[in-house]
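Each chain, letter by letter, is given below.
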Amino acid sequence: MRRELRAEWTKTRTAPGTAWLTAAVVVLTAAASAAVAATVSCPAAGCDQDVPRLGLAGIQAGQAAVAVLAVFAVTGEYGTGMIATTFAAMPHRGRVLAAKAAVLTGLTLAAGTVAVLASVLAARLILPGNGFTAANGHPPLSLADGPTLRAAAGTVLQLALIALLSLGIATAVRDSATAAGVVCGLLYVLPLVPHMAADPGWRRLLWQATPANAGLAVQTTTHLDDLPLGPWEGLGVTAAWAAAALLGAWLLVRTRDVRA
Amino acid sequence: MTDSTTVVTGHGANGRDGFRHLVHAEWTKFRTVRGWVAGMAVGVALVVALGLMSAAGSHASCGMGDVETACTLTTGPGGEAVSDRFFFVHRRLDGDGSITVRVDSMTGQIRLPDATPGVRNVVAGVVPWAKAGIMVKDGVREGASYAAVMVTARHGVRMQHDFTEDVAGGPGGVSPGSPRWLRLTRSGGTLTGYESDDGRRWIVVGTARPARLPATVEAGMFVASPGDLTVSRGNLGGASVQVRFTEATAVFDQVRLEGRVEGRTGGTWSHDDVGVAYEPGGRTPHHPGRFTESGGTFTITGVGDVAPSTEGMRIESTLSGQAAGLVAVMVVAVLFVTAEHRRGLFRTTLLAAPRRGRAFAAKTVVIGAVAFAAGLTAAALTVPLGARILRANGNAVLPVSTFTELRVVAGVAALTAAVAVLALACGALVRRGAAAVTVVAGLVVVPHILATASVLPLGVARWLLRLTPAAGFAVQQSVPEYAQVLGYYSPQGGYYPLPPLAGLAVLCGYAALAAVLAAVRMSRADA
Amino acid sequence: MRAAIEVIGLRKRYGPTVALDGMSFTVLPGRVTGFVGPNGAGKSTTMRVILGLDTADEGSALVGGRPYRSLRAPLCQVGALLDAAALQPSRTARNHLLWLAHSQGLGARRVDEVIEQVGLGAVARRRAGGFSLGMRQRLGIAAALLGDPPVLMLDEPVNGLDPVGIVWIRGLLRSLAAEGRAVLVSSHLMSEMQDMADHLVVAGRGRVVADTSVADLIAAASDGRVTLRTTARPEAMEVLARAGARVAVQDRDTLTVSGLEAGRIVALLGANDVPFSEVAAHRASLEEAYMELSRDAVEFRATTPGDGTATS
């Protein structure tokens, strides 16, 4: 497994897209968070806003870059046919998949941590100017605050899980555009489906089942009782999706002929 | 026009024929890849299936208390849904004539959210669009044609007719000590509204020609007070809007009715609480209006509004699967171009058509046409069928004109085509499938979803729908925003900040820009 | 001598198409084995099955006695070149080899060695996407040599190479075989094998048509025929036929004689005063031998105009 890891790391390190996309994760997340922070305001009478969630809203943009990073990690090889070289050099395909997952997780955790820290910093600097003051009941964002720390750490983990989910999907479908389409559907379109259900029970269930809804429960710090799922349970939903995608990918990659 | 240096392509085909052949070649290329055709079909199927499913799952019933009734909509003379509830003190007027009154005061009360559960929390006050004025109306039937001139609490004097039309007069309301005179004159089919500060110098507020005003109308004083609107944050993100009871009371005097008035001398004023709903049992009116008269002074209390209604589902709410369908279309459009680059087929394409800009233009035409057809199929199936299912399930679906429905369906087709062209161009620019799909989804679908799922503040959401290609979704809005109705006009509620065609134009601008950039890049870069 | 590669009864179908239909052969160390056959004969599929990339429906393929997918450091057992274009274009040549080296527990030094060995030292740090087909082919061979493997397997290695490159690769493969390695080289062009391979496995329609040494194959195809050039064709035919030979007319002054040795023909013609300008023992080219063999095995044969339209 060490060799696979080392090879995949070298491969990831030497692909020029990696640096750009990793930077994009940070920049998109931080910029979108800052943009949201700059546009919300809290009137003097106070407001009912979930400030950590606002400050971390940039994940909506950053997760797209994470997904592309993950998709490229696989489809770049299928697209060129280099996957045959990879599997000829490392015939234990499960280990290759695991190594890819590990490298990607490490990279996303690192990029996600920087992105989240930048977002929190931006929100901490911008929000007080828009009326989110201690006098209004919104002290500046601080990671020393337990729920805020949970939201921040959970956001980093959610990004890593999205990377793994994307990796599994890309390995299963092998085509970059199709994989990106499926992932975008999961991240951006599927969350709407619960709103289409008329029955509140179904709506709740569908909300609990969609990774982009449930996973972001980890960012919530106010009205926790209204959430259909606890913060960590929500993250567990995304984890379950990622695990299922990787399992499916593993089963497919093990048995399937390697086509260029 | 051809000149002597015409580039001969193929067997001496002229330019236009040459392009036709290119388009034909691209079409053959498209239809012979099973995955692409299937992808488009999946896109259509997603829109239709998700739309009809959500329509089928949406049941509604109306009624008060335990009594359920089907939800009915009152429609105005133009066929649109209207709210027509007010207190009307009137007499019958035959032919031309006029009515003049002085409005002396307007007061009212507003129910706020209960501070202690179960205890009504009522404060004195009037909502901005509380109305008191004079009206001529085709009887007292809800939805009947009318024209009226009125004083409002915060929006000055207005002249309104047939629910949707609204003209502003002078600013300012009424208060004890500064009354306002109003006059409405009928001359044939034309009504003219006047206002005056002193009953002597009259200023025309506006004229109106209501759609169906018969010779004999009811003319009189009316008061209405729309519900108070509060918006609060919902649980799963989103906003919840609550409308609370209000009522307004206005005092009128110096009432003068001229013309052939029924029972001119000694005649009495009739009064109707137009559009009042009844408590279960059908006897007691729910939130009734009332009026008293003493010595030519009328004190009238009214509840409700005389205005277009936006309460109900829209035909475009059946397009809930559109985002999913668009993603499928994007994937196909991107593959249509990136597959060539990856497999080296692009060199073959260039050999067959060395003028690269034209080859790309042909591709654009084909993907645009295919996507238009796909969008048209999807919308033409989903919108009418979905609306039918919604109505069959007891939902009140806001009626729109055939023209509007066609505009929505054709607009969705155009939207799909523009998104496909944008995706194709991004594919040609980026040349990497995943990046292109994500970029286009990030430009089109994501802003729309963020804006309409109201995870964002309202201001941000509106700017997203002005500046990003997601502005194109405006083309599917079937019910306009009415300035004279206080509502939560948010993207979440289906109100876009740009008019339908302007929104579509923004999207098309992005698509055209991307296509030009792609064509330039293509003609410069090595294949 | 232990076989380096054993292919035993491979069968595989893709839907209705039979790709492999009982393919069996062995590759021995110390020689270059040519793997030839027309397009679609199953050569590439066989190589992909040997490398564990595709799975056969039946049969097995062993490398050094073990299935490929059980090898710990496979590139140190088998070096393979499948598709030289299968590279991520944005990665440099050296980095491409570097990740492969890391996957086998090898270091950067070995990478630099093979880069020099294949003559890509000057361009090692350039993006492989900008390489010519010949340079990519060399990079692919560098990857195959990376693990210093006892077995090498190359699919169409001379494709896209210029004449200098072809001479280079021929020399390289022969020297690798001379070092005692087993080398399996596939090609659909028999002529390439004439100077490169010692042994041939000829495939057709998913199975082995011939498994023989190059010398034997040529001898079998030559079949003791002699070409005779003479101005007195009728006389020569008569004399030779009387001596029991079979004579075929090739053109106006050329005959093909079989059943008699060249010396005997010269003696007979001399004795009967038949003039002749040339008598040559015919040596079939590998190409001819192969055409003879694969006549039945060719799946896609071009139909010449007029075929089948003469009658009816």
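You'll find chain C entered in an unreviewed UniProt entry as ATP-binding cassette domain-containing protein, with Microbispora hainanensis given as the organism. Looking at the Sequence similarities (unreviewed entry) heading of the UniProt record, one finds this comment for chain C: "Belongs to the ABC transporter superfamily."

A few words on the overall build of chain C. The number of helices and strands found in chain C is 10 helices and 13 strands. Seen through its C-alpha atoms, chain C measures out along the principal axes to roughly 75 × 45 × 45 Å. When burial is assessed residue by residue, chain C has 49% of its 312 residues classed as buried. Counted over contacts in chain C with a minimum sequence separation of 6, partners at least 24 positions apart contribute 69%. As presented, chain C carries roughly 14200 Å² of accessible surface, and 51% of it is formed by carbon and sulfur atoms. Positive and negative charge centroids in chain C, built from 34 and 33 side chains respectively, lie 8 Å apart.

Another point: the sheet that holds strand β12 (residues 254-258) of chain C. What holds strands together in a sheet is hydrogen bonding between their backbones, with the strands either parallel or antiparallel. Residue and element names in this part refer to chain C. Strands sit in the order β11-β12-β10-β13 across an open sheet of 4 strands; the sheet is antiparallel. Edge positions in the sheet fall to β11 (246-251) and β13 (278-281), since each of these pairs with one other strand and no more. If you compare each strand with its neighbour and ignore which way they point, the axes differ by 20° on average. Examined bridge by bridge, β11 and β12 share 5 bridges and lie antiparallel to one another.

On to the interface of chain C and chain A, then. Every contact between the two is made by 31 residues of chain C and, on the other side, 32 residues of chain A. Here chain C and chain A share 1 salt bridge between them. D257 of chain A serves as the salt-bridge partner of K12 of chain C, at 2.6 Å between the closest nitrogen and oxygen. Sorting the residues of the side of chain C that touches chain A by element identifies β1 (5-14) and α2 (93-103) of chain C as the ones contributing at least two each. Broken down by element, the residue count for the side of chain C that touches chain A peaks at 7 residues, all from α2 of chain C.

Moving on, we come to the interface of chain A and chain B. Of the residues lining the interface, 26 residues belong to chain A; the matching set on chain B comes to 31 residues. Summing both partners gives a buried area of about 2500 Å² for chain A against chain B, and 75% of it is carried by carbon and sulfur. Counting across the interface, chain A meets chain B through 0 salt bridges. Inspection of the region where chain A meets chain B yields 2 residue pairs in polar contact (both at pLDDT 80 or more). When residues of the side of chain A that touches chain B are traced back to their parent elements, those giving at least two are α2 (16-39), α4 (59-80) and α8 (176-189) of chain A.

Time to look at the packing of helix α6 (residues 402-430) of chain B against helix α7 (residues 433-443) of chain B. All names here are of chain B. Between α6 and α7, the shortest axis-to-axis distance is 9 Å and the interhelical angle comes to 140°. Compared by their axis directions, α6 and α7 come out oblique. By crossing handedness, the relation of α6 to α7 is classed as right-handed. Touching L422, A423, C426, G427 and V430 of α6 are A435, A436, V439 and V440, all from α7.

All names here are of chain C. Looking at chain C, the pLDDT average stands at 84 and 91% of residues meet or exceed 70. The low-confidence segment residues 297-312 (pLDDT under 50) makes 10 contacts with residues lying over four places distant or belonging to another chain. At the level of chain-chain contacts, confidence expressed as ipTM amounts to 0.82, with global pTM at 0.79.

All right, on to the pattern of salt bridges then. Residue and element names in this part refer to chain B. Scanning the entire structure with this criterion turns up 33 salt bridges over all chains. Residue R85 is joined to D273 by a salt bridge in which the shortest nitrogen-to-oxygen separation is 3.6 Å. Note that R85 is positioned in the loop between β2 (81-84) and β3 (86-112) and D273 in strand β16 (residues 270-274), a separation of 188 residues in sequence. Ionic pairing is found between E218 and R92, a salt bridge with its closest N-O pair at 2.9 Å. Of this pair, E218 sits in strand β12 (residues 216-224) while R92 sits in strand β3, and the two are 126 residues apart along the sequence.

Turning to unusual backbone geometry, a few remarks are in order. Not every positive phi belongs to a glycine, and R431 of chain B is a case in point at roughly 65°. Looking at the secondary structure, you find R431 of chain B in the loop between α6 and α7. Of note in this structure, D148 of chain C is not a glycine but carries a positive phi near 50°. Position of D148 of chain C relative to the elements: it lies in the loop between α4 (133-145) and β6 (151-155). Given a relative accessible area of 46%, D148 of chain C falls into the partly exposed group.

Attention now moves to a nonpolar patch on the surface. A contiguous nonpolar surface patch, about 240 Å² in accessible area, is contributed by L117, L143 and L149 of chain A. Structurally, the position occupied by L143 of chain A is in the loop between α6 (93-126) and α7 (146-173).

Another point: the packing of aromatic side chains. Residues and elements named next belong to chain B. Taken as a whole and judged by the stated rule, the model has 12 aromatic pairs over all chains. When the ring of W27 is compared with that of F30, the centres are 6.3 Å apart and the planes differ by 15°; the resulting orientation is stacked. Pair noted here: W27 and F30 are both in helix α1 (residues 15-31), with a separation of 3 residues, about one helical turn. For W27, a relative accessible area of 38% translates into the label partly exposed. The interplanar angle of 35° and the centroid separation of 6.2 Å between the aromatic rings of F87 and F291 together place this pair among those described as tilted. You can see F87 sitting in strand β3 and its partner F291 sitting in strand β19 (residues 290-294), a full 204 residues away along the chain. Look at F87 and you get buried, because its relative accessible area is 4%. Judged by its relative accessible area of 22%, F291 is partly exposed.

Residue and element names in this part refer to chain A. Of note, N213 is situated in helix α11 (residues 211-214). Along the primary structure N213 and V237 are separated by 24 residues, whereas in three dimensions their C-alpha atoms are 9.4 Å apart. When sequence neighbours within four positions are dropped, the list of residues in contact with N213 reads P191, P194 and W207. A polar side-chain atom of N213 sits 3.2 Å from the main-chain carbonyl oxygen of P191.

So, about the domain arrangement of chain B. Residue and element names in this part refer to chain B. For chain B, the assigned domains read domain 1 (18-58 + 313-524) and domain 2 (82-308). The C-alpha-based centres of domain 1 and domain 2 are spaced at 44 Å. Among the residues of domain 1 in contact with domain 2, Q484, L486 and Y488 are the three that bury the most area, contributing 59% of the side total. At the boundary of domain 1 and domain 2, one finds 0 salt bridges. On the surface where domain 1 and domain 2 come into contact, there are 2 residue pairs in polar contact (both at pLDDT 80 or more). Class assignment for the residues of the side of domain 1 that touches domain 2 results in 6 nonpolar, 4 polar and no charged.

Residues and elements named next belong to chain B. If you trace the 3 strands from one edge of the open sheet to the other, you get β1-β2-β21, paired in antiparallel fashion. Here the strands that pair on one side only, and so sit at the sheet edges, are β1 (74-75) and β21 (306-308). In the sheet, β2 pairs with β21 via 3 bridges, with the strands oriented antiparallel. Paired with V82 across the strands is P308, a residue of β21.

What follows covers the state of the cysteines. Tallying each qualifying case throughout the model produces 0 disulfides over all chains. With no disulfide of its own, C426 of chain B lies closest to C184 of chain A among cysteine sulfurs, the gap being 12 Å.

Residue and element names in this part refer to chain B. Tracing the chain through its elements places T468 in the loop between α9 (458-467) and α10 (500-524). Among the polar contacts made by the side chain of T468, one reaches the main-chain carbonyl oxygen of L464 at a distance of 2.6 Å. Each residue touching T468, except ones within four places of it in the same chain, is listed here: L443, P447, V506 and Y510.

Moving on, we come to the arrangement of the chains. Contact analysis covers 2 pairs of chains in contact, and the most contacts occur between chains A and C. No interface is formed between chain B and chain C, the nearest pair of C-alpha atoms being 11 Å apart.

Quick look at the pairing of strand β2 (residues 17-27) of chain C now. Residue and element names in this part refer to chain C. Of the pairings in the sheet, the one linking β1 to β2 comprises 8 bridges and is antiparallel in character. The residue bridging L10 from the neighbouring strand is M23, located in β2. Counting the residues that bridge the hairpin from β1 to β2 gives 2 residues, and of these G15 lies at a positive phi of roughly 60°.

Basis of the calculations
- Residues numbered from 1 in each chain as written.
- Chains lettered and ligands numbered in written order.
- Predicted model: local features only at pLDDT ≥ 70, side-chain atom pairs only at ≥ 80, totals over all residues.
- Heavy atoms only, no water.
- UniProt positions renumbered as here; feature names shortened; annotations may be inferred.
- Helix = DSSP H or I, 4+ residues; strand = E, 2+ residues; numbered from the N terminus.
- Buried < 20%, exposed > 50% of the residue type's maximum accessible area, 1.4 Å probe, protein only.
- Contact = heavy atoms within 4.5 Å.
- Areas by Shrake-Rupley, 256 points an atom, 1.4 Å probe, with all protein chains shown as cover.
- Lys, Arg positive; Asp, Glu negative; His and termini not counted.
- Charge placed at Lys NZ, Arg CZ, Asp CG, Glu CD.
- Pairing = 2+ DSSP bridges.
- Axes fitted to C-alpha atoms, helices over the stretch in contact; angles between N-to-C directions.
- Salt bridge = Lys/Arg side-chain N within 4 Å of Asp/Glu carboxyl O.
- Buried area = accessible area lost by both parts, 1.4 Å probe.
- Polar contact = N/O pair within 3.5 Å; in protein donor to acceptor, adjacent residues only side chain to side chain.
- Parallel < 35°, antiparallel > 145°, perpendicular 65-115°, else oblique.
- Left-handed = near helix turned anticlockwise from the far one by under 90°.
- pLDDT = per-residue confidence, 0-100.
- Patch = residues over 30% accessible without salt bridge, like charges linked within 9 Å, V, L, I, M, F, W, Y side chains within 5 Å.
- Phe/Tyr/Trp six-rings, centres within 6.5 Å; stacked < 30°, edge-to-face > 60°.
- Domains from an automatic or database assignment.
- Nonpolar A, V, L, I, M, F, W, Y, C, P; charged D, E, K, R; others polar.
- Disulfide = S-S within 2.5 Å.

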